[in-house]
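Architecture and fold: a report
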Amino acid sequence: MKTRHNVFVVPHFFMKSAGMAVKLVRTFCKIGKAGSLTKRNYGHDHFKNLGLVYFKPTGACNLRCKMCGQYGDKGVMNDCAAEENKKILPLETWKNFVDQIAPNKPVIYVWGGEPLLYPDLFPLCKYMVDKGLFVSVNTNGTLIEKHAEQIVRDKWSTVFVSLDAFRDVNDEQRGKGSYDKVIAGFKALNEEKKKQKSKYPALAVVTVVTNRNYMDIANLAEASKEFNLDLHVFNLGTYTNDNIVATQKRFMKEKLDTDIDCLEAYNTGYNTDIDGKKLHDILQKIHGENFGHPMLTVPVLNPEKTHTYYAELETPVRNHCVVPWCQLNVNYNGDVHFCADYPDYILGNIKDQSIKEIYNGDRANRFRKAIHECEGGMFPGCLRCYQNMLFGKKIKGF
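Quick summary incoming for the structure in this document. (Residues numbered from 1 in each chain as written. Predicted model: local features only at pLDDT ≥ 70, side-chain atom pairs only at ≥ 80, totals over all residues. Heavy atoms only, no water.)

**Observations regarding the environment of A364**
Inspection of the secondary structure assignment puts A364 in helix α14 (residues 362-373). With a relative accessible area of 0%, A364 lands in the buried category. Once you skip the residues sitting within four places of it in the chain, A364 turns out to touch F338, L347, I358 and Y359. (Helix = DSSP H or I, 4+ residues; strand = E, 2+ residues; numbered from the N terminus. Buried < 20%, exposed > 50% of the residue type's maximum accessible area, 1.4 Å probe, protein only. Contact = heavy atoms within 4.5 Å.)

Listed below in C-alpha cells is the structure:
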C-alpha cells in the first residue's frame, strides 16, 4: 500500500477548481497547526482555529446498514429514532449558526442519518455555498437521482457517497437495491454536470471495510472506472471491543462525569477474521492501478500492521487527537460535541449559546485538558476513531 497523506488529493482539486483547492488547503493548514502547537485549554481563543465543521441536520435514514453506529446491528438510534427525529432544527437556526462560523471559512461536512431526508437541506446548502464555504455532503446515494439537477445547480463542493462493494455484496451490507440506486444517482449527476457545464460537485465514494466485503472491494474499484469519480476513499473501519468500551466508560465517568452509550455501537465484530495480508495485497493492487481517479486508504498502514489494525484493537496506530483544537460537530437537535461518532459529551447547544461561547467554554476546555493529559493524547476509546485515523499522529512503525 503506497503511503500517502490526506493532502495528496489537493493537486487533483486544483486541476478541477482552484477555488475548492484553496479552501481545502486552508483547512489542512489549520489542522496541521493544531497538531504542531502546544495543546492549550483555558484562557485561549480556540474558535479562531476552527477549520472543519461537521453537522447532521437529521438523524433519519432510509437504510439500515449492518455496521452503522446509528442504525446498524448495535445502532444507538434503533430504539429511539421516531422520537429523536422530531427534534430537528428549523432552517433559520442553522442559518444563524452558519453566520457565526462563516468568517472562519471552515470546510463544512454535512452528514446524517441521510441528509437528503432533511426537508430544508437544499436552501441550507445553498446558503452556505453563497457564503463562500466549501460544502461537502455525505449521503448513502440512494436519493441522488431525483435531486441531481438541483445539486449541480446549487454548486455543492463535493458529494461523498457510501458504497461498500460490487452489487450483491454491497446490498447484503447496505440493503437490497441500494447499489443500483447509487449508480443511477452517479449517472444523473454526471449528465447534469455536462448539461450545466459545471465542475460541481466533485464526486467521491467512501467504502467501509468489514469482514463481509473486504474480498470484494477490488471488484468495486474496477467498476468505479465507469463512475467518473474524483476520489475513492477506503475507510478501514471504526471498531471497538468489550474491554475498550468498559475502560472508556470508567474514564468518562471519572474524568468528565459523563455516562456514555455510543461507543458500544461499534463493538460489532465486523473486524474479526479479516486476513490482514490478503487485505493489504488487495489495497496495494488497487493503489497500483489507474482507475481514473485518486485512491485513498484511511489510515495508511505499513504492510505488516494491517492485521494489527483488526485483530489487536487495543494497540494504537494513531495518537494525539487534534479534533478539540480545530474541529466541531453539531447534532440534529443543536447539541455541540467534538467527536462525530461519540456525541455523549455535550459542550452546549446552538439554540442557547453562540458557537464561539460553546467552543471556548468550560465544558470544551475540560475535555481538551482531559484528552491532553491522557497517555498518547487520546482517550481509551479513541483507538480506531475515524477522526483520529484521519488527523491523528502516525505512531512509529505503523
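**Description of helix α2 (residues 18-36)**
Quick reminder: α-helices carry 3.6 residues per turn. Residues three or four places apart thus point the same way. In a regular helix each residue adds 1.5 Å, so 19 residues correspond to 27 Å; α2 covers 27 Å between its end C-alpha atoms and thus fits that length. Of the residues making up α2, those classed as buried are M20, A21, L24, T27, K30, I31 and A34. (Expected span 1.5 Å × (residues − 1).)

**A look at the state of the cysteines**
Every disulfide links exactly two cysteines, by a covalent bond between their sulfur atoms. Taken as a whole, this structure holds 0 disulfides when the rule is applied. No disulfide involves C374; its nearest neighbouring cysteine sulfur is the one of C382, lying 7.8 Å away. The structure places no disulfide on C382, whose sulfur is separated from the nearest cysteine sulfur, that of C321, by 5.8 Å. (Disulfide = S-S within 2.5 Å.)

**Quick look at the packing of helix α10 (residues 242-256) against α14**
Relative to each other, α10 and α14 sit at 125 degrees, their axes nearing to 11 Å. Between α10 and α14, the angle is such that the two are oblique. Between α10 and α14 lies a crossing whose hand is right-handed. Listed contacts from α14 to F251, K255 and L256 of α10 are R366, F367 and A370. (Axes fitted to C-alpha atoms, helices over the stretch in contact; angles between N-to-C directions. Parallel < 35°, antiparallel > 145°, perpendicular 65-115°, else oblique. Left-handed = near helix turned anticlockwise from the far one by under 90°.)

**Section: the sheet that holds strand β9 (residues 327-330)**
With respect to topology, 10 strands assemble into an open sheet ordered β7-β6-β5-β4-β3-β2-β1-β9-β10-β11, the strand pairing being mixed. Each edge of the sheet is formed by a strand with only one pairing partner; in this case those strands are β7 (295-298) and β11 (348-349). Pairing geometry for strand β1 (residues 52-55) and strand β2 (residues 107-110), over 4 bridges, is parallel. Note on β2: the bridge partner recorded for F55 is V110. (Pairing = 2+ DSSP bridges.)

**Observations regarding unusual backbone geometry**
Here the bond from Y200 into P201 is cis, since omega is -5 degrees, no more than 30 degrees from zero. Looking at the element boundaries, P201 is found in the loop between α8 (178-195) and β5 (202-208). Across the junction of V298 and P299, the peptide omega takes the value -5 degrees, indicating a cis bond. Within the secondary structure, P299 is located in the loop between β7 and α12 (306-311). A positive phi is found at K155, a non-glycine position, where the angle reads about 60 degrees.

**Considering the pattern of salt bridges**
Within this structure, the stated rule accounts for 15 salt bridges. Between E92 and K95 there is a salt bridge, with its nearest N and O atoms 3.9 Å apart. In this pair, E92 and K95 are both assigned in helix α4 (residues 91-101), 3 residues apart and thus about one turn of the helix distant. By relative accessible area, E92 is classed as exposed at 54%. Linking K253 and D259 is a salt bridge whose minimum nitrogen-to-oxygen distance equals 3.4 Å. The structure contains a network of salt bridges with shared partners spanning K253, D257 and D259. (Salt bridge = Lys/Arg side-chain N within 4 Å of Asp/Glu carboxyl O.)

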